Amino acid sequence: MSTAITVGVLALQGAFYEHLKLLNLAATQISPNVPSNWRFLEVRTPGELDICDALIIPGGESTAISLVAARSGLLEPLRDFVKLYRKPTWGTCAGLILLAESANRTKQGGQELIGGLDVRVNRNHFGRQTESFQASLDLPFLRESGAVGSSSSFPGVFIRAPVVEKILLFVEEDVQVEEQKREATVVAPSRHTKDPAARKAMSDHVEVLGKLPGRAARLADKGLSIETEEEAGDIVAVRQGNVFGTSFHPELTENPRIHAWWLQQVEDAVSKLREAVHQTE
Ligand code: GLN
């Protein structure tokens, strides 16, 4: 790596400090000799976003984050960052909601999405009674990546968490129209016709990287039923190209393995993006 990589954490509301702490820890693990190759930065303005190679959108309250982002003139720059330039971005919990192209159970008039992941999320999926819980997750991608240990289990912290309830298929503008018809559902503003370059940049498929097992079975045991759609299930981690989202909060654990894995993904993506820019110069 020749030039430092700057990773921003959106610091408008929520658990941004905790992400910065784990990023610093993860950097010393993956680059023990040159941790200075990484620069970590709190992002509150378009100018700060501009110098970032990658970004984390933390957990917190998606409505509040989106309102403050709108007031700070950050919504459109964030959409360009994620959807057009396709710079590596990771959203945790509220961050995942903001990165979804569509979200259910939103407050009326209270929420604008950034988009970038062709999924619909269901906010507060686990309801009020079980607002918070911890569950051991099996995340095979952690095992695949050598530098961060060999186990695939990870402590999942869920706090009024969303899940990915549907992977959206992109068919011209139908997705937007179909999604908009749903009650209390918001969609990210369409860039399909407005900005074909963004759509092209988003052409990667959505990959499911983690599921929360057993919920459907447990509910069925209690005689309760849950509504499922074909693609439904408790999907709690997804990736579409450079955009990654988790329902849970790795930053609220002491465990830097997902941060270390993600920084490795960032390193790969940034060198590819820099190479592409170099070639067009
Ligand atoms: N339920 C919250 C929201 O809708 C997300 C909770 C969280 O980030 N822990 O924004």
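Below is a short write-up of the structure. (Residues numbered from 1 in each chain as written. Predicted model: local features only at pLDDT ≥ 70, side-chain atom pairs only at ≥ 80, totals over all residues. Heavy atoms only, no water.)

### Quick notes on the pairing of strand E6 (residues 117-122)
- The element E6 is largely enclosed, with a buried count of six among its six residues.
- Taking every second residue as pointing to the same face, both faces of E6 are buried, with Leu-117, Val-119 and Val-121 on one and Asp-118, Arg-120 and Asn-122 on the other.
- Here four bridges tie strand E5 (residues 100-104) to E6, and the two strands are oriented parallel to one another. For Ala-103, the partnering residue across the bridge sits in E6 and is Val-121.
- Pairing between E6 and strand E9 (residues 163-167): four bridges, direction antiparallel. (Buried < 20%, exposed > 50% of the residue type's maximum accessible area, 1.4 Å probe, protein only. Helix = DSSP H or I, 4+ residues; strand = E, 2+ residues; numbered from the N terminus. Pairing = 2+ DSSP bridges.)

### Quick word on the environment of Gln-134
- Here Gln-134 lies in strand E7 (residues 132-138).
- For Gln-134, a relative accessible area of 58% puts it in the exposed group.
- Ignoring any residue separated from it by four or fewer positions in sequence, one finds Gln-134 in contact with Gly-156 and Val-157. (Contact = heavy atoms within 4.5 Å.)

### As for unusual backbone geometry
- In this structure, Arg-86 takes a positive phi of about 60 degrees despite not being glycine.
- Position of Arg-86 relative to the elements: it lies in the loop between helix H4 (75-84) and strand E4 (89-92).
- The phi torsion at Arg-160 lies on the positive side, around 40 degrees, for a residue other than glycine.
- Along the polypeptide, Arg-160 turns up in the loop between strand E8 (153-159) and E9.

Spatial relationships are all this shows, so hold off on functional conclusions.
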